[in-house]
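# Examination of the molecular architecture
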Amino acid sequence: MSRRWGLALLMAMLAGILAACGGGTGGGAAATSAPSNTGGGAAATSAPSNAGGAAATSAPSGGGSASAGACSDAGKGQQITMWSPLTGPDGDEMTGLANKFSQENSLGIKVTHTAQPDYLQKLNTAAAGNSLPDMTVIRAGDIGEMVARNVLKPMSDAALTEAGGADALQSQFTEAVWNAGQVKDKRYTIPLDTHPLVLYYNKDMFQKAGITVPTDRPMTKEEFEKAVDALNKDGVAGVALGTAFQTGAWFQALIRQFGGDITDATGSKATFNSDAGVQAATYIHDLKAKTTPQVNGAGDPEVKLFQQQKAAMVFHGPWHISDMVKLPFVGFAEMPQIGSTYSVWGNSHQLAMTTEDPAKQAAAGCWVGWLSQNSVQWAKAGQVPARKSARESADLASVSPPVAAFAKEVEAVKFLPPVPGLEGALWGQGFEPALNAYLLGQSQDIKQGLNDAAAKSDKIIQDNAAKYK
């Protein structure tokens, strides 16, 4: 942190004015983009429209306010346009935060947030027409492609300074989420959140069965399986497992829990056909056969089964929280640990520049710094703040009790290397069709299915490497 920034922040604190993604459908994504449900907010190539908690119809309460002391005059008076894929309640929350910053910062910086369905297509079209916004919210899996397409611009040293300083910022994030925005030794993004899988459970059923869900750690394999067996009776499934996004996301987590990964360290070769991949697919297959063999397809039928109290547990993205909090029987917890190494699937919204204008970048950096410091308020959208100080804030439990229940999962989320088109090559065009066929009984040899899928993924990865050279 620079001396100027530290002194300014201290003055601001002394002044008392700086206090602090519809259901997934899964599969079939183009090779150059992520599957259609890998984050918060609705978009044709992104996540569901009901991502997060209740909509913010007004400026959010709590949090610090922007001040001239926290930023230099470099961005004074700038008008910043920001696009995002946040088209649901999370978009309303982001608009509320942008309005709060615009109203309260004393530099006259105004941020206008616009949610964009099909945001990747919109960004590409705007780039071709030289009409990009000043910045965007982008999912971690899309960073590599948008850098390769020259849509995202490197963050200048001045912008990073306005946002709080690169070193000070880096110390606030897990290595995985921070590295997602580092491409070829250049910093392109600042993390805003991580949205991992959530374990939703029926509190009434658990209480009746005498089962206690840990609040300070994940359930162990033995605890999870014992709960499944105890509750899997009388027309109620112990856990609701479907196909498509849900099991595709868990498959990635279980591979890592069993000691493998879905790609090599450079993102140049698929590795999901390893013994760990076979073990992960087999575990999901056998559990699904015991609990909900009939549940499959788009529209998250496994979630609907749980909401109808026909299943005792279900796991899915946090974009279902806004509906789940309306049901008094729903509890929220971390995903269970089945293998020896805890890992959870998750994605991340990150803040990126799409302009190289120095004044615009400085103003946007000021906004990014304020938003990061106040990101505990972003938990209202059902997202886990990526910033450590926000996750550890005493306010998190009151701002969003559900998010506080699983916020520790952020430390177990791993991201793919920022290689253009990698997520689609591995997931939508790779292991997901093979996994679905196995879960639905259309294929009996999962090892061969994963081998064939990996070969297809490798070919797409090679084609993408030539395309984005």
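Figured I'd write up the structure that's included with this text. Predicted model only: the values in this text are computed from it and were never measured. (Residues numbered from 1 in each chain as written. Predicted model: local features only at pLDDT ≥ 70, side-chain atom pairs only at ≥ 80, totals over all residues. Heavy atoms only, no water.)

Broken down by element type, the protein chain carries 19 helices and 13 strands. Across the 469 residues that make up the protein chain, the buried fraction comes to 60%. When the accessible surface of the protein chain is totalled, it reaches about 17300 Å², and 51% of it is carbon and sulfur. (Helix = DSSP H or I, 4+ residues; strand = E, 2+ residues; numbered from the N terminus. Buried < 20%, exposed > 50% of the residue type's maximum accessible area, 1.4 Å probe, protein only. Areas by Shrake-Rupley, 256 points an atom, 1.4 Å probe, with all protein chains shown as cover.)

The strands making up a sheet associate through backbone hydrogen bonding, with each pair oriented either parallel or antiparallel. Strand order in the open sheet formed by three strands is β9-β8-β10, with antiparallel pairing between adjacent strands. Here the strands that pair on one side only, and so sit at the sheet edges, are β9 (313-316) and β10 (330-333). Taking the axes of each pair of neighbouring strands and ignoring which way they run, one obtains an average angle of 25 degrees across the sheet. Relative to β10, strand β8 (residues 198-202) runs antiparallel, the two being bridged by four bridges. Residue pairing for β10: L199 is matched across the bridge by A333. (Pairing = 2+ DSSP bridges. Axes fitted to C-alpha atoms, helices over the stretch in contact; angles between N-to-C directions.)

We now examine the pairing of β9. Walk down a regular strand and you will see the side chains alternate between the two sheet faces. Burial along β9 is two-sided: the face carrying M313 and F315 and the face carrying V314 and H316 are both buried. The pairing of β8 with β9 spans four bridges and is antiparallel. Looking at the pairing, Y201 lines up with M313 of β9.

Before going further, it helps to spend a moment on the packing of aromatic side chains. One pass over the full model with this rule turns up 17 aromatic pairs. Both rings, one in F101 and one in W367, keep their centres 5.3 Å apart while their planes meet at 50 degrees; by these two values the pair is tilted. With a gap of 266 residues between them, F101 in helix α2 (residues 89-104) and W367 in helix α14 (residues 358-373) connect regions that are remote in the sequence. One exposure class covers both F101 and W367, and it is buried. An aromatic cluster is built from F245, F251, F272, W319, W345, W427 and F431, whose rings are joined through pairwise contacts. For R187, the ring lying beneath its charged end belongs to W178, and the centroid distance is 3.7 Å. (Phe/Tyr/Trp six-rings, centres within 6.5 Å; stacked < 30°, edge-to-face > 60°. Lys NZ or Arg CZ within 6 Å of the ring centre and 35° of its normal.)

It is worth spelling out the environment of K186 at this point. Turning to its location among the elements, K186 is positioned in strand β5 (residues 186-187). The spacing of K186 and K153 is 33 residues in sequence and 9.4 Å in space, taken between C-alpha atoms. Not counting chain neighbours up to four residues away, the residues in contact with K186 comprise P154 and G181. (Contact = heavy atoms within 4.5 Å.)

Assignment of secondary structure puts N105 in the loop between α2 and β2 (110-115). Since its relative accessible area comes to 7%, N105 is described here as buried. A distance of 3.0 Å separates a polar side-chain atom of N105 from the backbone nitrogen of L107. Polar contacts involving the side chain of N105 include one to the main-chain amide nitrogen of G108, which spans 3.1 Å. (Polar contact = N/O pair within 3.5 Å; in protein donor to acceptor, adjacent residues only side chain to side chain.)

Moving on to helix α11 (residues 275-291). Helix length check: α11 (17 residues) gives 24 Å between terminal C-alpha atoms against 24 Å at 1.5 Å per residue, within 8%. All buried positions along α11 are accounted for by A276, G277, V278, A280, A281, Y283, I284, L287, K288 and T291. Structurally, α11 contributes buried residues whose contacts are with α9 (221-231), α10 (244-257), α18 (422-439) and α19 (446-467). (Expected span 1.5 Å × (residues − 1).)

The next thing to look at is the sheet that holds strand β11 (residues 346-347). Judged by pairing direction, the sheet is antiparallel, and its three strands sit side by side in the order β11-β7-β13 without closing on themselves. Of all strands in the sheet, those bounded by a partner on one side alone are β11 and β13 (384-385).

A few words now on unusual backbone geometry. Note on backbone geometry: most residues besides glycine have negative phi, and most peptide bonds are trans. Within the chain, K184 stands out as a residue other than glycine whose phi angle is a positive 50 degrees. In this fold, K184 is placed in the loop between β4 (182-183) and β5. Of note, the phi angle at A244 is positive, near 55 degrees, even though the residue is not glycine. Take A244: it is sitting in helix α10. A244 sits in the buried class, given a relative accessible area of 9%.

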